[in-house]
Structure formats: structure tokens, C-alpha cells
Amino acid sequence: MGHAPLGVSTVTATHPSMGDIGPITPHTARATAHPNIALVKYWGKRNADLVLPATGSLSLTLDIYPTDTVVSPDPSLTSDIFTLNGEPVPGTPTQRVSAFLDLVRKRSVEQGSGQEKPELPHMYARVNSINSVPTGAGLASSASGFAALATAASKAYGLPGDPRSLSRLARRGSGSATRSILGNLVIWHPGDGDDEHADLTSYAESVPGPDLAMVICVVSGAQKAVSSRVAMADTIRTSPFFGGWVTSTQRDLVYMQQALAAGDYTRVGEITESNALRMHAAINGNRPPVRYLAPTSVAIFDAIAQLRNDGLEVYGTADAGPNVVALCQAKDLDATHAALHERFPDLELIPARAGSGAHLTPVGETSENEQNSAHEGQPAQAHDAANRQE
């Protein structure tokens with residue numbers, strides 16, 4: 001890939017958290033995004049190349065643990081460079097980032113984004129990212145990571161920045177990143193068919209609903225023995241329950257949208273809990289079997305059911321791992337956190353409310369990560385970003 005000078009003056013900058021982020025040019029862009037937890041789960045792809053899901057899904061974007069990413073196209077580079085939390089990241093994470101940027105550059109050429117600067121779509125980039133999701137917190141760091149990358153890279157390479165375009169692009173990096181483009185409650189449409197039209201129609205959209213919150217119960221921070229990507233593919237290939245999972249989830253998504261529109265929190269919670277357990281049942285049917293929920297996970301689900309019996313309306317969900325998430329109304333967040341802490345005093349419990357969607361931020365501005373570093377825990381490790389669900 002050849003490069004020509006930008007023809008504009010550049011300044012090499014050092015970011016307080018990211019270190020050397022290279023030359024800052026008019027094309028340097030920065031974005032922030034947050035993780036999400038699905039109420040109606042995504043589990044299974046019908047087209048792996050286009051990252052088209054077997055079913056639609058619906059999630060809550062959270063207000064905790066943002067990912068902050070700077071993308072700087074640089075004519076002097078001979079390959080993309082990716083640093084995470086100030087350190088170079090070898091292997092799979094860099095390969096995934098570079099493949100994603102190849103897609104961005106391809107679209108930039110196709111859409112004529114480089115007409116004024118024809119060399120821009122052919123430049124490699126420095127990507128510097130700060131990911132504050134703690135290792136083992138049970139949050140898909142790839143969701144916030146690729147949502148931030150899609151937003152910053154689209155700005156840097158001159159692609160459209162509307163939510164539909166950004167969510168379609170983020171989807172190609174990580175399925176769950178589709179939903180982190182938008183804030184609060186978000187639906188990811190599965191798209192129609194299995195071709196280019198499906199690619200155009202598989203995107204995220206905001207949906208109305210009640211004010212929800214969550215408490216993340218960290219059962220284990222250990223790396224999973226079977227990654228979500230492997231388990232997901234095995235469920236499609238070997239689980240006799242996958243067909244039932246798809247048809248029941250399609251119905252759940254319709255019922256969930258109706259419940260949210262009606263403000264029916266009880267129905268929202270019931271669908272959330274049953275959908276998660278059905279996903280785990282489908283995974284349990286893999287050959288060889290995969291069991292993500294641990295005895296403590298089951299104990300938390302039991303405690304959540306008891307809390308409902310005692311008058312605190314809480315529901316449980318869990319992604320592909322042992323950590324359980326308690327869903328509650330925002331007004332009950334403190335009570336839910338306190339009740340779970342009383343029953344599980346040795347577990348880390350992370351409260352979260354509805355958060356904002358991915359957005360651009362000034363390159364020189366103090367980031368949300370830096371503002372909240374005192375109480376957001378340790379940044380995620382590099383391997384963690386490549387091994388999360390979806």
C-alpha cells in the first residue's frame with residue numbers, strides 16, 4: 001500500500017493514558033463507546049462472513065466501563081499499529097483490528113470518501129485504545145471496542161456517521177458491537193435473507209421502554225475453557241436444541257418489544273430470564289457438552305427468584321459464562337445491590353444504569369476513562385478483548 005504526504009502540517013501527540021498516538025492530523029478521530037448486556041440473546045450466526053445473526057436480539061447499553069479509541073491514518077506507516085491500554089498487542093487482536101480497517105478503507109474507496117484526499121483511503125492507521133472493562137467482569141469488551149473503533153474509523157476515513165451506517169459497520173467487527181452504537185435499549189435487526197440485502201438490513205435501532213438497571217455478579221474472572229465463538233459454532237453444528245432456540249427467540253423478540261412499548265416491566269423480566277436459560281440449555285446440548293453456569297451461578301438465580309417472592313422484583317440473565325446479571329428497575333438498583341451483597345458478600349457486584357451510545361470526542365479532551373479511573377477498576381487485559389462473547 002503506497003502513501004503520499006497529506007499536504008497538511010501534523011503534530012505528534014502523547015496522550016496521558018494511551019502514550020504516543022502519533023501524528024495528529026485533520027483526519028485523526030476519537031470515539032467512546034460502552035458495553036451492553038442482551039435481554040434477548042444473540043447466539044448463532046447464519047452468515048459468519050457478514051456476521052448476520054440467526055435471530056435478532058435486544059440489549060441495554062450500560063453506563064460503566066467505556067472504551068476510548070483514537071484512529072490516526074498516517075502516510076508513513078507500512079501496516080496498521082494497534083495498542084491497547086498503552087501496550088502493543090500482537091496476534092489475533094491486531095489482526096482483527098487490521099481486517100476491520102481494511103473493510104473501512106474498502107468502503108471509503110467505494111463511496112468516494114477520498115475525493116479531496118485520494119491517498120486517504122489507502123493509508124494504514126495507528127489505533128490506540130483504552131479499555132476499562134475489568135478482566136472477568138462478564139461484559140463483552142469487544143462490543144464497546146468495535147463500536148468505538150467503527151465510530152472513530154468512520155470519521156477518520158470519511159464514512160457516514162449515522163447510527164444505521166455505524167451499526168452495520170460495527171457488526172462486521174463484533175456482533176454485539178452493533179448494539180453498543182446506540183444508548184439505552186437497542187434492537188439488532190437480523191436482516192432479510194443471506195446476501196447483500198441482508199447486510200443492508202441488519203442494523204441496530206433504539207427502542208422505547210422503562211428505566212432499567214443491572215447488577216453484574218462476578219462469579220469467576222478466569223478465562224473460559226471454551227470460547228464463546230467456538231461454543232456458538234458448536235451449538236449450530238451439534239446441539240439438537242438449536243432449532244428450538246431460534247424459533248423461541250424470534251418469538252421472544254416480538255414479545256419483548258411489545259412489553260417494552262407497554263412499559264410492562266414484569267413481562268420484560270420474565271422474557272429476559274427465560275431467554276437466557278434457554279440459550280444455556282441449547283449450549284448444554286453441544287457435543288461435547290459445554291456448561292458455562294457454575295454452582296454459584298445457579299445459586300444466584302435461586303436467590304433472585306427468592307427476592308421476587310420477598311417483594312423485590314429482580315430477574316436474572318447470563319451471557320456465555322458463569323457471571324450472572326440481575327435486572328431491575330432503575331429505582332430498585334440500590335436495594336437490589338444491597339440484597340445481593342447480603343447474600344453473596346464475597347462476590348464482586350457491579351451496579352450499572354442505562355448508558356449512552358458511541359460518540360465522537362475531541363482528541364485532546366480528558367476521557368471518561370481518565371475521569372472515572374479512581375473507581376472503575378483495572379483495565380482489561382489484551383487477551384480478554386479477543387475472547388469475549390459475540
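Let me sum up the structure you'll find in this document. From a predicted model like this one, the values you see are computed outputs, not experimental measurements.

Here's the deal with the packing of aromatic side chains
Under the definition given, this model contains three aromatic pairs. For the ring pair phenylalanine 100 and phenylalanine 146, a centre distance of 5.5 Å and an interplane angle of 65° mean the geometry is edge-to-face. With phenylalanine 100 in helix H1 (residues 92-110) and phenylalanine 146 in helix H2 (residues 141-156), this residue pair connects regions lying 46 residues apart in the sequence. The interplanar angle of 70° and the centroid separation of 5.7 Å between the aromatic rings of tyrosine 265 and tyrosine 315 together place this pair among those described as edge-to-face. Of the two residues, tyrosine 265 is situated in helix H8 (residues 265-284) and tyrosine 315 in strand E15 (residues 315-317); the sequence distance between them amounts to 50 residues. Take tyrosine 265 and tyrosine 315: they sit in the same class, and that class is buried. Its guanidinium or amino end placed over the ring of tyrosine 292, lysine 224 lies 5.4 Å from that ring's centre, counting from NZ or CZ.

With respect to the sheet that holds strand E4 (residues 36-40)
Ordered by their spatial adjacency, four strands build an open sheet running E4-E7-E12-E13, and the pairing between neighbours is antiparallel. For this open sheet the edge positions go to E4 and strand E13 (204-206), each flanked by a neighbour on one side alone. Pairwise comparison of adjacent strand axes, ignoring direction, gives a mean angle of 35° for this sheet. Bridging between strand E7 (residues 57-61) and strand E12 (residues 185-188) involves four bridges; their strand directions are antiparallel. In the strand pairing of E12, serine 59 is matched with valine 186.

Side note on the packing of H2 against helix H3 (residues 163-173)
Running from N to C, H2 and H3 point in directions that differ by 125°, and their axes come no closer than 9 Å. Regarding the angle of H2 to H3, the classification is oblique. In terms of crossing hand, the pair formed by H2 and H3 is right-handed. For the pair formed by H2 and H3, the contact residues are Phe146, Ala147, Ala150, Thr151 and Ser154 on the first element and Leu166, Leu169, Ala170 and Gly173 on the second. Across the contact of H2 with H3, the residue classes break down as six nonpolar, three polar and no charged.

Focus: the packing of H1 against H3
At a closest axis distance of 9 Å, the pairing of H1 and H3 adopts a crossing angle of 145°. The two elements H1 and H3 meet at a crossing, and its hand is right-handed. Contacts between H1 and H3 involve Arg96, Phe100, Leu103, Val104 and Arg107 on the former and, on the latter, Arg168, Leu169, Ala170, Arg172 and Gly173. For the contact of H1 with H3, a count of residues per class yields five nonpolar, one polar and four charged.

Quick look at the pairing of E7
Strand residues, when the strand is regular, have side chains that alternate between the two faces of the sheet. E7 sits mainly inside the fold: five of its five residues count as buried. Alternating positions in E7 separate into two faces, Ser57, Ser59 and Thr61 on one and Leu58 and Leu60 on the other, with burial throughout. Here four bridges tie E4 to E7, and the two strands are oriented antiparallel to one another. Looking across to E7, one finds that alanine 38 is bridged to serine 59.

What counts and what doesn't
- Numbers given for residues are sequential positions, taken from 1 along each chain in its written order.
- Selection of residues for local features in this predicted model requires a pLDDT of at least 70, selection of side-chain atom pairs for listing and counting requires 80 or more, and totals for whole chains, interfaces and linings are taken over all residues.
- Side-chain calculation: all heavy atoms of the structure are included, whereas hydrogens and water are not.
- The aromatic pairing rule takes the rings of Phe, Tyr and Trp, using the six-membered ring of Trp, and pairs them if the centres are within 6.5 Å, calling planes under 30 degrees apart stacked, those over 60 edge-to-face and the rest tilted.
- Only DSSP runs of H or I reaching four residues or more are called helices, and only runs of E reaching two or more are called strands; each is numbered from the N terminus.
- For each residue, the accessible area found with a 1.4 Å probe, counting protein chains only, is set against the maximum for its type, and the residue is called buried under 20%, exposed over 50%, and partly exposed in between.
- Comment: the charge-over-ring label is applied if NZ (Lys) or CZ (Arg) is within 6 Å of the ring centre and within 35 degrees of the ring normal.
- Any two strands between which DSSP finds at least two bridges are classified as paired.
- Lines fitted to C-alpha atoms define the axes, with helix axes restricted to the stretch in contact, and inter-axis angles between N-to-C directions lie between 0 and 180 degrees.
- These descriptions rest on fixed angle ranges, namely under 35 degrees for roughly parallel, over 145 for roughly antiparallel, 65 to 115 for roughly perpendicular, and the rest for oblique.
- Helix crossings fall into two classes, left-handed where the near helix is turned counterclockwise from the far one by less than a right angle and right-handed where it is turned clockwise.
- Note on contacts: a residue pair is in contact if any heavy atoms of the two residues lie within 4.5 Å.
- Any residue that is not Ala, Val, Leu, Ile, Met, Phe, Trp, Tyr, Cys, Pro, Asp, Glu, Lys or Arg is counted as polar, Gly included; the first ten are nonpolar and the last four charged.

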